Structure formats: structure tokens, C-alpha cells
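Here is what each chain is made of, one letter per residue.
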Amino acid sequence: RRRRRRVCNTRPQRMPSPSAVRSACEDAARALAACTDESCTATMHVRLATCIGQQVCKAEADAFAAYRRPSDAEEAQRAFAHMQQCTVRWAIESERYHVDVSLLQ
């Protein structure tokens, strides 16, 4: 009897549905919609993006959240961009499986 070789030691993570992400980030989306000035909009956009990142790209979102000091601004921008790229990949995968990704629009 032949043994099957394991190609990968870890199982792929289950992709969260856009509706689950929408539900988890509902407060952040409402806060963004309620903004009336540019400063609030920018702050709430980051909050919503981070919430989405926590749901679909936890490692990238955690890396971004680790930057708290003003001296970390350049690294924080890179980490934020990396998190955004990850969420876009998730959206593309969700779309591939015919899932509603209007949450990101």
C-alpha cells in the first residue's frame, strides 16, 4: 500500500464572506458615512480599511496597527498599502467565486 505524500502541512484558511466582513465592520462604515469633513473622512477611511483588513488579512492589519509613533509614518504607510493590497486580493478571489464585493466599493 502506497502512502500519500502531503504537499502542504497547513490547510488553507477559509475565505470570509463579504457579508460577514460587512457585519463585522458595520460600525466603521456608518462612522465613515456620517463624516462631514475631510479629517473625519480620512480617519474613518483608515478605521474601515483596518477593520476589513482584520477580517481578511489579519497579519497585514496587525503589522499596520503596530506603527503608533509619528516617527513610524513612512513604515506605517508601507504597511497600510500592503494591507490594502491584501484586501484587494481577497476581493478579487471573492469576485471569482461570484460573491458580492460591494462592501469594498
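Details of the structure are given in the entry above.
Residues numbered from 1 in each chain as written. Predicted model: local features only at pLDDT ≥ 70, side-chain atom pairs only at ≥ 80, totals over all residues. Heavy atoms only, no water.

Some thoughts on the environment of Ile 52
1) Next: For Ile 52, the location among the structural elements is in helix α3 (residues 38-56).
2) Next: Linking Ile 52 and Arg 22, residues 30 residues apart in sequence, is a C-alpha distance of 8.1 Å. (Helix = DSSP H or I, 4+ residues; strand = E, 2+ residues; numbered from the N terminus.)

Examining the side chain of Glu 60
1) Next: Looking at where Glu 60 falls in the secondary structure, it is placed in helix α4 (residues 58-65).
2) Next: One buried charged side chain, Glu 60, makes no salt bridge at all; its nearest oppositely charged neighbour is Arg 89, positioned 4.5 Å away.
3) Next: Once residues lying within four places of it in the same chain are set aside, the contact partners of Glu 60 are His 82, Met 83, Cys 86 and Arg 89. (Buried < 20%, exposed > 50% of the residue type's maximum accessible area, 1.4 Å probe, protein only. Lys, Arg positive; Asp, Glu negative; His and termini not counted. Salt bridge = Lys/Arg side-chain N within 4 Å of Asp/Glu carboxyl O. Contact = heavy atoms within 4.5 Å.)

Quick look at α4
1) Next: Listed in full, the buried residues belonging to α4 are Glu 60, Ala 61 and Phe 64. Burial along α4 is one-sided: seen end-on, the buried residues are contained in an arc of 100 degrees. (Arc of directions from axis to C-beta.)

Some thoughts on the environment of Asp 62
1) Next: Relative to the helices and strands, Asp 62 is located in helix α4.
2) Next: Note on Asp 62: relative accessible area 36%, which makes it partly exposed.
3) Next: Considering only alpha carbons, one finds Asp 62 and Met 83, 21 residues apart in sequence, at a separation of 9.1 Å.

With respect to the environment of Gln 84
1) Next: By the element assignment, Gln 84 lies in helix α5 (residues 73-96).
2) Next: Through-space distance from the C-alpha of Gln 84 to that of Ala 49 is 7.4 Å; in sequence the pair is 35 residues apart.
3) Next: If near-sequence neighbours (up to four positions away) are discounted, Gln 84 is found in contact with His 45 and Ala 49.

A word on the state of the cysteines
1) Next: Inspection of the entire model under this criterion finds 3 disulfides.
2) Next: Note that Cys 35 is cross-linked by a disulfide to Cys 40, the S-S spacing being 2.1 Å. Its torsion about the S-S bond being -60 degrees, the disulfide of Cys 35 and Cys 40 is classed as left-handed.
3) Next: When its relative accessible area of 14% is taken as the criterion, Cys 35 is described as buried. (Disulfide = S-S within 2.5 Å.)

Describing the pattern of salt bridges
1) Next: Summed over the entire model, instances satisfying the criterion amount to 4 salt bridges.
2) Next: Across the salt bridge formed by Arg 30 and Asp 27, the nearest N and O atoms sit 3.5 Å from each other. On the criterion of helical spacing, the pair formed by Arg 30 and Asp 27 is a turn pair, its members being 3 residues apart in helix α2 (residues 26-33).
3) Next: With its nearest N and O atoms 3.2 Å apart, the salt bridge here joins Glu 74 to Arg 78. Taken together, the residues Glu 74 and Arg 78, both in helix α5 and 4 residues apart, mark about one turn of the helix.
4) Next: Connected through salt bridges with shared partners, the residues Glu 26, Asp 27 and Arg 30 form a single ionic network.

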